[in-house]
Amino acid sequence: MGGVSILEYDVILVRYGEVAIKGPSVRKRFEKKLLHNIRSAFSCRAEIRHGRIFVFPDNMDEALDKLSRIFGVVSFSPAVTVETDFDVIERAIREYTGELKLEGLITERTPFAIRCRRVGQHDFTSQEMAAFAGSVVVREIGAPVDLGNPDLEIHLEIRNNLTYIYHRVIQGPGGLPAGTQGKVVALLSGGIDSPVATYLLMKRGCQVVAVHTDNSPFTAPESLDKVEKIASKLAEYSAGVEFKLRIFRYGSYLEKCRREAPENMTCVLCKAGMYRLAELVAEEEGALAIVDGSSLGQVASQTLPNILATRMAVRMPVLSPLIGMDKVEIEALAKRIGTYDISVIPDGGCGAVPRHPSTAADPAAVREISEKILVEDEIERIFRSASETGSLE
């Protein structure tokens, strides 16, 4: 993401938003966690000064790439550090704009603006320094000043006796630092929706234990490969916090449902079993909620009656962050976070889906059938049989 630049950046200024408005004790804890996550993502020295995180990376391009996937980071800028002195700043601005000219980012026709902010005591105002720096650019390049609608903004961030010069403001994912909001169990499939739902809970600071049900022989081996790739992509957003994937063999349960229950109830019983399995995992892992990719009315198991029927036996909160989103919105987010191209790899789907699945299951009927075919015993057997577990931190 950083790309090749001839500018010799020596620091990255990292901004955080929501963390900064917390109460003092919570803010301190969140800042400490954010620093930990940054240091875990790549080799660097990082410290907080006056509401900014200053990162001094061993590898600038790697750092810029990794910071774009660290929750809690709102934006960041690679910068050049110089002494807060008019002569030094003048030389630095000449060199900086000269480099920007070589990169094709400014010419004599490029409207530009200087944005200056200060922390500390100085014998000049921010406006005075901005005007001074702007005059240097005009003399060197001949570009016109346009404070209202510039094509290029050059920033001077002055903090006591040091000044940081930059022009790039790169957007981070925002949210809360990973690991600050407890642990959740996410039902993760190879589809488009559940990875996005998992991502959104990670963005709110949750640590994730992903649970996938291996439905073979009703699914192809390729489906497992997809899930592992999706989990690896999501783990890229979990720097500093373990991301765990647990895979349970679920095909025998599906076969039991098809053999002993009405055919149209297969999907409802399948989803109900997944929630119960996730609850058992959550109890073992110390998780506080279950996450799924339900979007209201999108498929048969996600109608309101079926949502009620599939969750009625679960005592733990089930969080569905996509519940009010349509497919276009979900796909757009999947593309942005990098899971879409994996999710759309053909895998043959699930062969256990009936031709006419129930869209309005009666909760009492689901409870009666579940008791009749001993769903609870089967799910506990699957849970005890041990999962394939992988840590993807």
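Please refer to the structure higher up on the page.
The model shown is predicted, which means the values in this text are computed figures rather than measured ones. (Residues numbered from 1 in each chain as written. Predicted model: local features only at pLDDT ≥ 70, side-chain atom pairs only at ≥ 80, totals over all residues. Heavy atoms only, no water.)

(A) Expanded view of helix H13 (residues 375-384). Inspection of H13 places Val375, Glu378, Ile379, Ile382 and Phe383 among the buried residues, and these make up the whole buried set. Across the axial projection of H13, the buried residues extend over an arc of 140°, all falling on one side. Looking at the packing, one finds that the buried side of H13 touches strand S11 (244-249), helix H7 (251-260), helix H8 (266-285) and helix H12 (363-372). Downstream of H13 by a residue or two, Ala386 has a phi angle that is positive, lying close to 80°. (Buried < 20%, exposed > 50% of the residue type's maximum accessible area, 1.4 Å probe, protein only. Helix = DSSP H or I, 4+ residues; strand = E, 2+ residues; numbered from the N terminus. Arc of directions from axis to C-beta. Contact = heavy atoms within 4.5 Å.)

(B) Inspection of the packing of aromatic side chains at higher detail. Enumeration over the complete set of coordinates arrives at 8 aromatic pairs. Plain terms: the ring middles of Phe71 and Tyr237 are 5.8 Å apart, the flat faces sit at 25° to each other, and that makes the pair stacked. Of the two residues, Phe71 is situated in the loop between helix H2 (60-67) and strand S4 (75-83) and Tyr237 in the loop between helix H6 (221-235) and S11; the sequence distance between them amounts to 166 residues. According to the relative accessible area criterion, Tyr237 is buried, its value standing at 7%. Put simply, the rings of Phe71, Tyr199 and Tyr237 pair up and form one aromatic cluster. (Phe/Tyr/Trp six-rings, centres within 6.5 Å; stacked < 30°, edge-to-face > 60°.)

(C) The layout of surface pockets, seen in detail. Counted as a void, the largest pocket has a volume near 1,000 Å³. Along the walls of the largest pocket sit 36 residues, with Ser189, Gly191, Asn215, Met274 and Cys350 positioned nearest its centre. Mapped onto the lining of the largest pocket, the elements with two or more residues apiece are helix H5 (193-203), strand S10 (207-214), H6 and H8. In terms of residue count, H8 provides more of the lining of the largest pocket than any other element does, 5 residues in total. Classifying every residue of the lining of the largest pocket by side-chain character gives 14 nonpolar, 16 polar and 6 charged. By volume, the second largest pocket amounts to about 320 Å³. In this structure, the second largest pocket is lined by 17 residues; those nearest its centre are Ala313, Arg367, Ser370, Val375 and Glu376. (1 Å grid on protein atoms, 1.4 Å probe; cavity = no way out; pocket = protein on both sides within 12 Å on 5 of 7 lines; lining within 4 Å. Points joined across faces, edges and corners; volume = space filled by probe spheres on them. Nonpolar A, V, L, I, M, F, W, Y, C, P; charged D, E, K, R; others polar.)

(D) Looking closely at unusual backbone geometry. Between Ser216 and the following residue, Pro217, the backbone shows a cis peptide bond with an omega angle of 15°. The residue Pro217 is located in the loop between S10 and H6 in this model. With a phi close to 50°, His50 is a non-glycine residue in the positive phi region. Here His50 lies in the loop between strand S2 (44-49) and strand S3 (52-57). His50 sits in the exposed class, given a relative accessible area of 58%.

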